[in-house]
Amino acid sequence: MSKETVTSTSQSQSQSQSQSASSTSGTGSSSLSSAGTVILDSNPTQDLATIPEVEELPKPWGRLWALEKGFWNLDCLDDEYWFGRDKSCHYCFDHPVLKRKEHFKSYSKKHCRIIREKGPGSTFVVFIEDHSSNGTFLNGQIIGKDRRLPLCNNAEIAINHELHKVFVFSDLTTDDQLNLPKEFRDKYIISKPLGSGVCGEVKLAFEKANCKKVAVKIVHKPKFPLLVSERGDAAAKCSTSNVATEVEILKKLDHPCIIKIEEVFDFEDSFYIVLDLMEGGELFDRVVRSKGLKEQTTKLLFYQMLLAVQYLHENNITHRDLKPENVLLANNEENCLIKITDFGLSKILGETSLMKTLCGTPTYLAPEVLLGAGAGGYSKAVDCWSLGVILFICLGGYPPFSDQIKDMNLRDQIINGHYKFIPQCWVNVSEAAKDLVKRLLNVDPNKRFTTKEALNHSWMQDEDMKKKAKQLMDARTELMLPRSTTDQSSTGRKRPHEEDHPSNTKRPTLSSLSKPVTQD
């Protein structure tokens, strides 16, 4: 068959098909396109239902961040929430962890209520009401049964006792996070302030991904001042180098009794340093509230301090600013974990290095710091002196050296090792504890006890105390705990100025302690 014949036959078949399609068309007949293509109609389409609008979920007007195990976060959507042991409460204290706690039964069946009411115009006001027998506290203030107080952003709620803090309230109708750097606020929510110092402030924060509580140290670079010592000499600059030093040191450290850095944000005008949260606050505040600690409690806390400073010294790090304000407590329990913080004044030493900078907090400065700054220098023994001052304060409830003592200035008190065991303050303290204080407050750094010698002192040979410490610290700590050894120290001769002072001797108060010379 020729090519022409094939083409003719194809055209004939195409025309026949077109005519056939046309003859069978009705009301829904096909139409021919300009190109001659046949378009076959399908059955008439049915109309689909209208696409529904996405229903927006109600947005919470407030959030309660849980501060203690057994409690949980709550997003506030309704205008009323009851809290208590009663099953009818919106927030029922029925978590198994809470039921195991001693103070569970002291929670009232209907303990407190949070309500939101219409205020002037289109505004709302939030209140917290106390309906308990044992009290509901707002920012440390008892509300009073059947009374109410306004609940403001970052307010802290405690039940039964002002220290039994269970919630922080966030007002979600006002966004106070917008002034934070975006990179930080994308990951964390800043809450209430925890403390402040010369170079910055520390705030409570929550990690958005898991609601984990952390502490955030915010250091504002433009506010770094030139600090001056009490003698009027330029002491040291609280500068970016101090912060960088602290960050660099903490990144290298790994000990359960030393604060751990979670994350660091370095912005143009500030550092945001994310740290472990220690909810018990500073050792200083606990000592002030209690006017001194029980000897057994002091021993447990001081044992942890010795382990932490020994670890630092073994890694050639001298803290240089040890004081009760820089010892943080994990919680408000009497027996708790401690962590040492604030390493901005620390220095990493070589084996034979001596430091020559006059720094630290005046009340805790070792004699050789005052005598040797700028000359012979000093060593890590300065930390052991500071530990001695801390031990003295915990046991006696007042500082060994103070500018409140009028017959001798602070510098001479320290250089001469002039301190007093006031009888009425030390009546319940053992001779062994006082002996360790004396050995740490030796004005001769070569004769002063090291951390190792302090750990080997008879006062520290308490197996029950060490067992408690092991339970509080991470399991890894067992590798760091020193072996028990017999006491290699002797009681030594008492200095006449240390004992048997008249009972009417006025003790210096802790509130008189000086602030740091060089940093917060």
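Here goes a summary of the coordinates provided. Just so we're clear, the structure is a prediction, and the values are computed from it rather than from any experiment. (Residues numbered from 1 in each chain as written. Predicted model: local features only at pLDDT ≥ 70, side-chain atom pairs only at ≥ 80, totals over all residues. Heavy atoms only, no water.)

1. Description of the environment of Ile-317
Inspection of the secondary structure assignment puts Ile-317 in strand β20 (residues 317–318). Sequence spacing of Ile-317 and Lys-380 is 63 residues, and the spatial spacing of their C-alpha atoms is 7.8 Å. (Helix = DSSP H or I, 4+ residues; strand = E, 2+ residues; numbered from the N terminus.)

2. Concerning the environment of Lys-438
Tracing the sequence through the fold places Lys-438 in helix α11 (residues 431–440). It is 9.3 Å that separates the C-alpha atoms of Lys-438 and Phe-449, two residues lying eleven residues apart in sequence.

3. Description of the state of the cysteines
Scanning the entire structure with this criterion turns up zero disulfides. Note on Cys-89: no disulfide assigned, nearest cysteine sulfur contributed by Cys-92 at a separation of 6.2 Å. You can call Cys-89 buried: its relative accessible area is 7%. (Disulfide = S-S within 2.5 Å. Buried < 20%, exposed > 50% of the residue type's maximum accessible area, 1.4 Å probe, protein only.)

4. A word on helix α6 (residues 295–314)
For α6, which comprises 20 residues, the first-to-last C-alpha distance of 28 Å matches the rise-based estimate of 28 Å (1.5 Å per residue) to within 8%. Just past α6, the residue Asn-316 takes up positive phi, approximately 60 degrees. (Expected span 1.5 Å × (residues − 1).)

5. A few points about the sheet that holds strand β1 (residues 62–66)
Two modes of strand pairing occur in sheets, parallel and antiparallel, and in both the strands are linked by backbone hydrogen bonds. Strand order across the open sheet formed by six strands is β2-β1-β11-β10-β7-β8, with antiparallel pairing between neighbours. Looking at which strands have only one partner, the edges of the open sheet turn out to be β2 (74–76) and β8 (141–142). One ladder, built from three bridges, connects β1 with β2; its direction is antiparallel. Looking at β2, one finds that Leu-64 is bridged to Leu-74. (Pairing = 2+ DSSP bridges.)

6. Describing the nonpolar core
Core analysis: the biggest nonpolar cluster contains 80 residues, and Leu-253, Leu-283, Phe-302, Met-305 and Leu-436 have the highest contact counts within it. Dropping the residues within four chain positions of it, Leu-283 is found in contact with Leu-293, Leu-301, Met-305, Pro-324, Val-327, Leu-329, Ile-390 and Cys-394. By size, the runner-up hydrophobic cluster in this structure holds 27 residues, among which are Phe-93, Cys-112, Ala-155 and Val-166. (Core = buried A, V, L, I, M, F, W, Y, C linked by side-chain atoms within 4.5 Å. Contact = heavy atoms within 4.5 Å.)

7. Some points on the packing of α6 against helix α8 (residues 381–396)
One way to put it is that α6 packs onto α8 with a least axis distance of 10 Å and a crossing angle of 170 degrees. Here α6 is positioned roughly antiparallel relative to α8, judged by the angle of their axes. Judged by the twist between their axes, the crossing of α6 over α8 is right-handed. Facing α6, whose interface residues are Glu-295, Thr-298, Phe-302, Met-305, Leu-306, Val-309 and His-313, α8 presents Asp-383, Cys-384, Leu-387, Ile-390, Leu-391, Cys-394 and Leu-395. Its residues assigned to classes, the contact of α6 with α8 shows ten nonpolar, two polar and two charged. (Axes fitted to C-alpha atoms, helices over the stretch in contact; angles between N-to-C directions. Parallel < 35°, antiparallel > 145°, perpendicular 65-115°, else oblique. Left-handed = near helix turned anticlockwise from the far one by under 90°. Nonpolar A, V, L, I, M, F, W, Y, C, P; charged D, E, K, R; others polar.)

8. Overview of the pairing of strand β6 (residues 124–130)
In terms of residue burial, β6 counts as a mostly covered element, since five of its seven residues are buried. Note: strand β5 (residues 112–118) against β6, seven bridges, orientation antiparallel. Looking across to β6, one finds that Cys-112 is bridged to Asp-130. In textbook terms, the turn of a hairpin is the stretch between consecutive antiparallel strands, and for β5 and β6 this stretch comprises five residues, one of which, Gly-121, has a positive phi near 65 degrees. Two elements, β6 and strand β9 (residues 147–150), share three bridges in a ladder whose sense is antiparallel. Each residue of the ladder has a partner; that of Glu-129, found in β9, is Arg-148.

9. Points about the pairing of strand β3 (residues 80–84)
By the criterion of burial, β3 is predominantly enclosed, with four of the five residues buried. Note that β3 and strand β4 (residues 91–92) share two bridges and pair parallel. Within β4, the residue paired with Gly-84 across the bridge is Cys-92.

10. Details of the sheet that holds strand β13 (residues 200–207)
Spatial strand order, β12-β13-β14-β18-β17: five strands in an open sheet with antiparallel pairing. With one partner strand each, in any of the chains shown, β12 (188–196) and β17 (261–266) form the two edges of the open sheet. The average angle at which neighbouring strand axes cross in this sheet is 25 degrees, direction not considered.

11. Let's talk about the packing of aromatic side chains
In the structure shown here, the tally under the stated rule is 26 aromatic pairs. Ring centres of Trp-61 and Phe-169 lie 6.4 Å apart, and the angle between their planes is 55 degrees; this geometry places the pair in the tilted category. With a gap of 108 residues between them, Trp-61 in the loop between α1 (3–23) and β1 and Phe-169 in strand β11 (residues 165–171) connect regions that are remote in the sequence. Across this residue pair, the class does not change: Trp-61 and Phe-169 are buried. Taking the centre distance of 5.3 Å and the plane angle of 90 degrees together, the rings of Tyr-91 and Phe-167 count as edge-to-face. Linking Tyr-91 in strand β4 with Phe-167 in strand β11, this pair joins segments that are 76 residues apart in sequence. When its relative accessible area of 0% is taken as the criterion, Tyr-91 is described as buried. For Phe-167, a relative accessible area of 4% puts it in the buried group. (Phe/Tyr/Trp six-rings, centres within 6.5 Å; stacked < 30°, edge-to-face > 60°.)

12. A closer look at the pattern of salt bridges
Side chains carrying opposite charge are able to pair once their charged atoms draw close together. Scanning the model with the defined rule gives 22 salt bridges in all. A salt bridge links Lys-339 to Asp-276; the nearest nitrogen and oxygen atoms lie 3.7 Å apart. One end of the pair, Lys-339, is in strand β22 (residues 338–340); the other, Asp-276, is in the loop between β18 (270–275) and β19 (281–282), with 63 residues separating them in the sequence. The same class applies to Lys-339 as to Asp-276, namely buried. When the shortest N-O distance is used, the salt bridge between Lys-323 and Asp-321 registers 3.8 Å. Overall, Lys-323 belongs to the buried group, its relative accessible area being 3%. (Salt bridge = Lys/Arg side-chain N within 4 Å of Asp/Glu carboxyl O.)

13. Considerations on the environment of Arg-439
Inspection of the secondary structure puts Arg-439 in helix α11. A sequence separation of 54 residues divides Arg-439 from Trp-385, and the C-alpha atoms of the two residues are 9.1 Å apart. Only 2.9 Å separates the side chain of Arg-439 from the side chain of Asp-435, close enough to count as a polar contact. (Polar contact = N/O pair within 3.5 Å; in protein donor to acceptor, adjacent residues only side chain to side chain.)

14. A few points about unusual backbone geometry
With the exception of glycine, most residues fall at negative phi, and the peptide bonds are largely trans. Its identity as a non-glycine residue notwithstanding, Asn-160 has a phi of 75 degrees, on the positive side. Residue position: Asn-160 is located in the loop between β10 (156–159) and β11. A relative accessible area of 16% means that Asn-160 is categorised as buried. In the Ramachandran plot, Lys-291 falls in the positive-phi region, its phi being about 55 degrees despite a non-glycine side chain. With respect to the helices and strands, Lys-291 occurs in the loop between α5 (283–290) and α6. According to the relative accessible area criterion, Lys-291 is exposed, its value standing at 61%.

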